[in-house]
Amino acid sequence: MGIQDLQIFLENEGVGVDLFRIARTQPGGFRLVLDAEGCLDRLYGGYFSDWACGGQWARCVQFLTTLAQALAEHQVALCVCFNGAHPTPPALPQHWIQTQSTYRQRVNSVLRHIATKGTPPPKVWWVPPTGLHSCLRTALRYLNIPIMVSTDDHCQEVVGLCREKTYAGLVGCSGEYLVFQPPRYFSSSQLKLTYRSSLETKEYMVHELPKLLDVPQDRLCLMAALLGGVILSEQSLTDFYKRLGIAQKKQQIPPETLIKTVSQFVHDLPSSDIDAACIEIFGDLNDLRAAKLKQAVQYYLNGTKDGFLKYRTASGRRPKNSKKNQKSDLSPLSTSTDMDTSKLATESSEHEQKGLEDYKLATANASINADFSMEDHCHELVQGVAAASLEGGDATNVAAKQEKSEKHAKEAPSTSGSSRHSDDNCPPAPAEVLRTCAERHTRGLMHPQMLSILTHRQITLPVLMEDDNHREIPSIHHFFRPIRQNVYAILYNMHHHRFMAQKAKDEGMASTSSVNDRPCTVQVAEWIYSRVNPGKSPEIVHGVVLDWPVPTVQRLWFGTAQDDKCRRMRAFLSCMRSDTPLMLNTSYVPQHLLILAAVLRFIMTSQIQILRRQELDAFLATAFSNDLMNALHLQEMTWLQVNGMSSRGVQLGALVMAGAEAALLANDACGAPVPWLVAAPWLYFDGKLLQRNLHRAAHCKHLAQLCDNHLDTVVKVERMRKAILEGLEVEFAMPPLPLVGVVGEPLSWRGRGRGARLEIAGVVVGQWGGGSYPTHPRTSRYPQQVSYVGYTPPTRNAYGGRGWRGGRGRARGRGVARGTTRARRSRSEHEPAKPTTLTINGKTVRPDEMSPTADNGSPHEDNSQPDDDGEGTQPQKTKTGKNIKKNIARGKKKNYSQKSDVAQTLDNGPLDTSQVEEFNHNSEQEHFGQGDAPVSN
């Protein structure tokens, strides 16, 4: 664990405090810096059981609103800091890989738990939902809570902000903060907003740390460096640990033992000289590890109170009057000399007002709970308290970060040349673009990956809630890679550079060198943790230009003409493969659902069929649901009402939210044509509601039933589906294959809840469980439907057209409905055939009362009819039961020759109770699915 062991060591030394009570004793309010990376679960609303389903964003915003109100009432000002620093070597192969490996193990455990039990996972496997950072930044910006996003070193910048703006304390959970010794240090992992209107946490007495460890104050940084960290890794200190009697795998040793052993060694050193300590530890001052130890000690010194002042002076700050000379720093290819480059063109008051109006329109008819929508006076309270949290020093801080960004951009071709191929011959991004990106990045107004792309030409993509074997859904990061490739080309003006090179070549001005003969190409290193490549090396990805002349990034960001506005939106839609007329028609796609519509269309345009017809409708029904922003109703909705979780549903939620993240990146790269407020995820997505709609869509008969019989919602869903599928040859994913087994082999499904078995003429032809996966590895993943023998009821499409491709005629000819279980032989070969009957939940159905069949198939309706042949219905052929076919055919010729015989047989009384066996006696009065079997009225 390294330096983090120090935080674990002091967990029991913390003192419980109430931040609101402390604020009452502070004149002028209590100002704190909050490191959000240590309390993402708390900002999400605590350890809720629904974090794995894709994210309940309405519930998250409701909690943040309640928190903002409480902070304003008690005069507590928070500045929330997010980690936007790109991990560069040597930090990347160590800390980042270790974090992603932990998340990968948790995701595997979560998916395994959901697949076997169908219930929410325990809180010990917490993994941040996809899109959590973007949701938090948007919500905090909406609530007027200040945000700071780091650029180079997260912990150093957070503690630097705390000292530079004279905050009263810091709330975090990193061991480095203990060594930096801020004015007051509170635990972010223990932060809890109670119903008693108190904000409880623990306070660590950091100034008593040297006394507690028995280490002199001037040796505290040396002791921290010897614990291992980013600069000097634990593996480099293996020999040192062995000399102290610590095993090589020191994770097995309690942190208390490690801390006390290292502290005792530092205390026994004859002097505080670093060179003498290096000789004592490594034996030679020329050892490479000695240089890293000195660097690590200096790193911790820079974060202390005395070292911060020296570090701040030595790091160099741009003078305030240097802004007058900024125009001289513009790149030669800059075309923005006639434009205002101080901010984006979309940051105008007119654009912001339009976004606010669209947001109010989107939430006007929503059933929002009481604490979700803040009143005007509360906005004023929060804004008044927050205004004092970032006063003074902003210009200097932002200018320094701009200078660093420009420096990184100039050094990028040389420093990262080892990780990029020689094919990358694209010039750096324009200077005005870098400055604007750095400023917006620091304030949390732009996607954090933007600055990393422009300065390092590298990005890191986190582990998502997906199966690492990719059985049903492909790798999500690779699936949305084309969006990022278009973004790379837009940010580096690939089309403009190629156009200018071609123009110069046509005029005979091109150089004869082979370098200039190659078209301009940018390459970005993408770090993706996977089982095949666990962070060993990045994947080099080329930028891809769009199929139309895209304006330069300067024109997209700073252009104010009407044509510039149209090109911004067209560039964004082109990246999402959604440049169609209906996409911009608000009667088909409302403004607040444009992100979702673009993501779903991108998924449907892929050569890989992922979504099924009913799953697409489930996403749209979720977006238009009246319960979408009713946080209280969704929180009270039990998982029994949702009918459990499915592994596929969880992964589909992660897929769409990852697509929304890619859409936000493309939106920022194109100049933010979609206002930030209407791109909020709580306007179109809720994980728990999606799980319920996915289950209902697989069983309901028609779209109106999925939409709770709200006809206006049905119309909205159909119109938005039409806009998404406009101009596409739709190929939906096929449902799971039917179960194929050996005749006579009993079905053994491991059910966790309700279930039933269906018998026809004494033959067990189908059974379904309570939503869990079967034990057989080749069984269907959705065994909630029913099999039929003797007739095949192809279902009718309830949406007025054909179902998914391949649905017509597939079930006919095989003798079973698709997605259902095949017949099982359960009687002797020479046993006479019994009359064919159908019993569902104790109700007998007559074959002659079946409704007429339809040619088209649909997953939502299940009507059937017998054939008009006078000789009786001819059974369809099956691969697993030829004798069943013969016996049933004989039984039909013998018993179905006269209708009165069948009626007399059915009127004699109920069938034997053994024909229908219940797995759960509590479910006798419940109907399992609305379309499991046709029942006559």
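Residues numbered from 1 in each chain as written. Predicted model: local features only at pLDDT ≥ 70, side-chain atom pairs only at ≥ 80, totals over all residues. Heavy atoms only, no water.

**Student:** Help me out: how do you make sense of the overall build of the protein chain in this one?
**Tutor:** Helix and strand content of the protein chain: 36 helices and 15 strands. Split into buried and exposed, the 937 residues of the protein chain put 57% on the buried side. Taking the contacts inside the protein chain whose residues are at least 6 apart along the sequence as the reference set, 76% of them involve residues at least 24 apart. (Helix = DSSP H or I, 4+ residues; strand = E, 2+ residues; numbered from the N terminus. Buried < 20%, exposed > 50% of the residue type's maximum accessible area, 1.4 Å probe, protein only. Contact = heavy atoms within 4.5 Å.)

**Student:** Would you take a moment to explain the nonpolar core for this structure?
**Tutor:** Soluble globular proteins tend to bury their nonpolar side chains together. Core analysis: the biggest nonpolar cluster contains 173 residues, and Met465, Phe480, Leu491, Trp557, Phe572 and Trp682 have the highest contact counts within it. Per element, the largest residue contribution to this core is 14 residues, and it comes from helix 31 (residues 647–669). Beyond its immediate stretch of four places on either side in the chain, Phe572 contacts Ile595, Ala663, Ala666, Asn667, Cys670, Pro673 and Val674. The next biggest cluster of nonpolar side chains, apart from the first, holds 54 residues, and it includes Val206, Phe240, Val262 and Phe265. (Core = buried A, V, L, I, M, F, W, Y, C linked by side-chain atoms within 4.5 Å.)

**Student:** Looking at this structure, how should I read helix 16 (residues 349–364)?
**Tutor:** Note on helix geometry: an α-helix contains 3.6 residues per turn, so any two residues three or four positions apart are oriented the same way. In this model, helix 16 (16 residues) spans 22 Å end to end at C-alpha, consistent with the 22 Å of a helix rising 1.5 Å per residue. For helix 16, every residue scored as buried is listed here: His351, Gly355, Asp358, Tyr359, Ala362 and Thr363. Mapping the buried residues of helix 16 onto a view down its axis gives an arc of 125 degrees, with all of them on the same face. Exposed residues pointing more than 90 degrees away from the buried face of helix 16 are listed as Ser349, Glu350, Lys360, Leu361 and Ala364. Looking at the buried positions of helix 16, the neighbouring elements they touch are helix 6 (132–142). (Expected span 1.5 Å × (residues − 1). Arc of directions from axis to C-beta.)

**Student:** How do you make sense of unusual backbone geometry when you look at a structure like this?
**Tutor:** Backbone geometry follows two general trends: most residues other than glycine have a negative phi, and most peptide bonds adopt the trans configuration. Here Arg577, not a glycine, exhibits a phi torsion of approximately 55 degrees, which is positive. You can see Arg577 is positioned in the loop between helix 26 (562–575) and helix 27 (594–604). Residue Arg577 is classed as partly exposed on the basis of its relative accessible area of 33%. A positive phi angle is found at Ala672, which is not glycine, with a value near 60 degrees. In this fold, Ala672 is placed in the loop between helix 31 and helix 32 (687–697). Overall, the relative accessible area of 11% leaves Ala672 in the buried class.

**Student:** What should I look at first to understand the confidence of the model for the protein chain in this one?
**Tutor:** Of all residues in the protein chain, 66% attain a pLDDT of 70 or more, and the chain-wide mean is 75. Taken element by element, the predicted model of the protein chain shows its lowest mean pLDDT in helix 36 (residues 899–907) (42) and its highest in helix 27 (96). Throughout residues 741–754 the model reports pLDDT below 50, and contacts reaching past four residues in sequence, or to other chains, amount to 42 contacts. (pLDDT = per-residue confidence, 0-100.)

**Student:** Would you explain the sheet that holds strand 10 (residues 523–528) in this entry?
**Tutor:** Two pairing modes exist for strands in a sheet, parallel and antiparallel, and in both the strands are linked by backbone hydrogen bonds. Spatial ordering of the open sheet is given by 9-10-11, a layout of three strands whose pairing is mixed. Both outer strands of the open sheet, strand 9 (458–461) and strand 11 (539–542), are each paired with one neighbouring strand and no more. Pairwise comparison of adjacent strand axes, ignoring direction, gives a mean angle of 30 degrees for this sheet. Sheet topology note: the strand 10/strand 11 ladder contains four bridges and is antiparallel. Across the sheet, Gln523 pairs through a bridge with His542, a residue of strand 11. (Pairing = 2+ DSSP bridges. Axes fitted to C-alpha atoms, helices over the stretch in contact; angles between N-to-C directions.)

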